[in-house]
Amino acid sequence: TRSTRPQRMLKAVQKNAIRGNPESVISAIDYFCKHSEWAMNVGDEKGCILDSVVTEVDPSTVLELGTYCGYSTVRIARLLSPGTKFITVEFNPASAEVARKIIAYAGLQDKVTLVEGASGDLIPQIKKLYGITTFDFIFLDHWKDRYLPDIKLFEEYGLLGKGSVLLADNVICPGTPEYLEYVRNSPRYESRYYPSHLEYTKVEDGLEKSLFLG
Ligand SMILES: Nc1ncnc2c1ncn2CCOCCNC(=O)c1cc(-c2ccc(F)cc2)cc(O)c1O
Ligand SMILES: [Mg+2]
C-alpha cells in the first residue's frame, strides 16, 4: 500500500541526516518540506522563535501537545538542560510511530516521553502518571479548537505556576480565535504575538506567547 507522508519524511531523515545529530535531522525535514512535500511541522522560521523562547525560559518541565513527526520535539529537546522532564502528546498512532523513530534518529529518545492519546484525556492524569506538579513551558500545536479547552484544563488541574510560559502555534493560520481572545483578555496572562509565516510558505501566521501570572 502507498506510504504516508510521515513515512516518506522519515525516509528522507534516514537518507539525508546524520544519526545522533539533531541539527541535521531538523535540516533534512525542512529540506524535504521545501523541495518534496509540504508538511505541518512548525518549520524553520517559526522554529527559530520557538528556540529563542525555550532558551529564554530554560524550563525544568516541558509539555508539547501535537508531536506530529517530532520536528518541534527535536527542536525543543536539543536545547534542554540534562534532567529536564519533557512530555509530548500525539493523538495519531501513525504519526507517533514516525515521531519515535525521528526522535531516536536524532539521539534524543532519553530526553523525551512520547505519550499517545488525546490532550483532553491526558491532561487530567499527568500529575498522577508522570509526577509533574507544574509545567514551566507548554508548546500548543495540536487541534486548533483544543487550545482553549486545554488551557482551561491546565488551570483547573493546577498545572500552571507563576511564570509558566505557553507558546501557541498557528494562531493566525489555521487560526485559534477563541484561544487568542482568552489569553489576551484574561488578567491572569501577559500575552505577546510573534509575527511570522505558515511553515514553508509566505502565508501570514505567528506564535502567541502567554505568561501565567498566577
Ligand atoms: N494530543 C492531541 N490531542 C488532540 N489532538 C491532537 C493531538 N495530537 C495531534 N492531534 C491532532 C491534530 O494534530 C495536528 C494539529 N496541527 C494542525 O492541524 C496544523 C495544521 C496546519 C495547516 C494545515 C493546512 C493548511 F492549509 C494550513 C495550515 C499547520 C500547522 O502548523 C498545524 O499544526
Ligand atoms: Mg502547527
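All values reported here derive from a predicted model rather than from experimental measurement.

Engineer: Even after reading the chapter, I still don't get the overall build of the chain, so can you show me in this structure?
Structural biologist: When you go through the chain residue by residue, the secondary structure sums to ten helices and seven strands. Relative to the 2.2 N^0.38 estimate, which gives 17 Å for 214 residues, the radius of gyration of the chain is 16 Å and therefore close to what a compact globule would have. Overall, the C-alpha framework of the chain stretches about 50 × 40 × 35 Å when taken along its three principal axes. Every one of the 214 residues in the chain was classed for burial, and the buried ones make up 53%. Looking at the chain alone, contacts between residues at least 24 apart form 72% of all its contacts between residues at least 6 apart. As displayed, the chain offers around 9800 Å² of accessible surface, 53% of which is attributable to carbon and sulfur atoms. Seen as two clouds, the 25 positive and the 28 negative side-chain charges of the chain have centres 4 Å apart.

Engineer: Is there a simple way to think about the packing of helix 1 (residues 5-16) against helix 2 (residues 22-35) in this case?
Structural biologist: The axes of two packed helices give the description: the angle between them and the distance between them. Running from N to C, helix 1 and helix 2 point in directions that differ by 130 degrees, and their axes come no closer than 9 Å. Judged by the angle between their axes, helix 1 and helix 2 are oblique. The handedness of the crossing between helix 1 and helix 2 comes out as right-handed. Where helix 1 approaches helix 2, its residues R5, R8, M9, A12, V13 and N16 are matched on the opposing element by V25, A28, I29, F32 and C33.

Engineer: Looking at this model, I keep getting lost on the pattern of salt bridges. Mind explaining?
Structural biologist: Oppositely charged side chains can form a pair if their charged atoms are brought close together. Within the structure shown, the criterion is met by 16 salt bridges. Ionic pairing is found between E199 and K46, a salt bridge with its closest N-O pair at 2.7 Å. Of this pair, E199 sits in the loop between strand 6 (189-197) and strand 7 (204-212) while K46 sits in helix 3 (residues 43-57), placing them 153 residues apart in sequence. For R184, the salt bridge goes to E208, with nearest N and O atoms at 2.8 Å. Taken together, the residues span a long stretch of sequence, with R184 in helix 10 (residues 177-185) and E208 in strand 7 at a distance of 24 residues. Connected through salt bridges with shared partners, the residues E23, D51, R75 and R78 form a single ionic network.

Engineer: Would you take a moment to explain the site of ligand 1 for this structure?
Structural biologist: With respect to spatial proximity, 19 residues lie near ligand 1, and among them S119, D141, W143, N170 and E199 are the closest. Here an oxygen atom of ligand 1 and a side-chain polar atom of K144 are 3.0 Å apart. In this structure, N170 approaches ligand 1 through a side-chain N or O atom, which is 2.7 Å from an oxygen atom. Protein coverage of the free-state accessible area of ligand 1, which is 680 Å², stands at 79%. Placement of ligand 1 is best described as lying within the largest pocket. Of all elements in the fold, only strand 2 (85-90) and helix 9 (171-175) reach the threshold of two or more residues within the shell around ligand 1. When the residues that make up the shell around ligand 1 are grouped by side-chain class, the tally is nine nonpolar, five polar and five charged.

Engineer: Is there a simple way to explain the coordination of the magnesium ion (ligand 2) in this structure?
Structural biologist: Under perfect tetrahedral coordination by four donors, a metal shows angles of 109.5 degrees; under perfect octahedral coordination by six donors, it shows angles of 90 or 180 degrees. For the magnesium ion (ligand 2), the full set of protein donor atoms is D141 (OD), D169 (OD) and N170 (OD1), at a range of 2.0 to 2.2 Å. Linear spacing of the donor residues for the magnesium ion (ligand 2) on their chain is D-x27-D-N. Taken together, the residues D141 in the loop between strand 4 (135-140) and helix 8 (147-156) and N170 in the loop between strand 5 (160-168) and helix 9 connect sequence positions 29 residues apart. You'll find D141 and N170 in the same group, each marked buried.

Engineer: Is there a simple way to explain unusual backbone geometry in this structure?
Structural biologist: Peptide bonds are trans in most cases, and residues, glycine excluded, mostly fall at negative phi. Look at the link from C173 to P174: it is a cis peptide, with omega at 5 degrees. Counting through the fold element by element, P174 comes out in helix 9. At D58, a position not held by glycine, the phi torsion is positive, near 45 degrees. Here D58 falls in the partly exposed class, since its relative accessible area comes to 46%. Despite not being glycine, N170 shows a phi value in the positive range, around 65 degrees. Taking relative accessible area as the criterion, N170 reaches 3% and is therefore assigned buried.

Each value, and the rule that gives it
- Residues numbered from 1 in each chain as written.
- Chains lettered and ligands numbered in written order.
- Predicted model: local features only at pLDDT ≥ 70, side-chain atom pairs only at ≥ 80, totals over all residues.
- Heavy atoms only, no water.
- Helix = DSSP H or I, 4+ residues; strand = E, 2+ residues; numbered from the N terminus.
- Rg over C-alpha atoms; globule rule 2.2 N^0.38 Å.
- Buried < 20%, exposed > 50% of the residue type's maximum accessible area, 1.4 Å probe, protein only.
- Contact = heavy atoms within 4.5 Å.
- Areas by Shrake-Rupley, 256 points an atom, 1.4 Å probe, with all protein chains shown as cover.
- Lys, Arg positive; Asp, Glu negative; His and termini not counted.
- Charge placed at Lys NZ, Arg CZ, Asp CG, Glu CD.
- Axes fitted to C-alpha atoms, helices over the stretch in contact; angles between N-to-C directions.
- Parallel < 35°, antiparallel > 145°, perpendicular 65-115°, else oblique.
- Left-handed = near helix turned anticlockwise from the far one by under 90°.
- Salt bridge = Lys/Arg side-chain N within 4 Å of Asp/Glu carboxyl O.
- Near = heavy atom within 4 Å.
- Polar contact = N/O pair within 3.5 Å; in protein donor to acceptor, adjacent residues only side chain to side chain.
- 1 Å grid on protein atoms, 1.4 Å probe; cavity = no way out; pocket = protein on both sides within 12 Å on 5 of 7 lines; lining within 4 Å.
- Sits in = over half its atoms within 2 Å of the grid points.
- Nonpolar A, V, L, I, M, F, W, Y, C, P; charged D, E, K, R; others polar.
- Donors = N, O, S within 2.8 Å, 3.2 Å for Na, K, Ca; no water.

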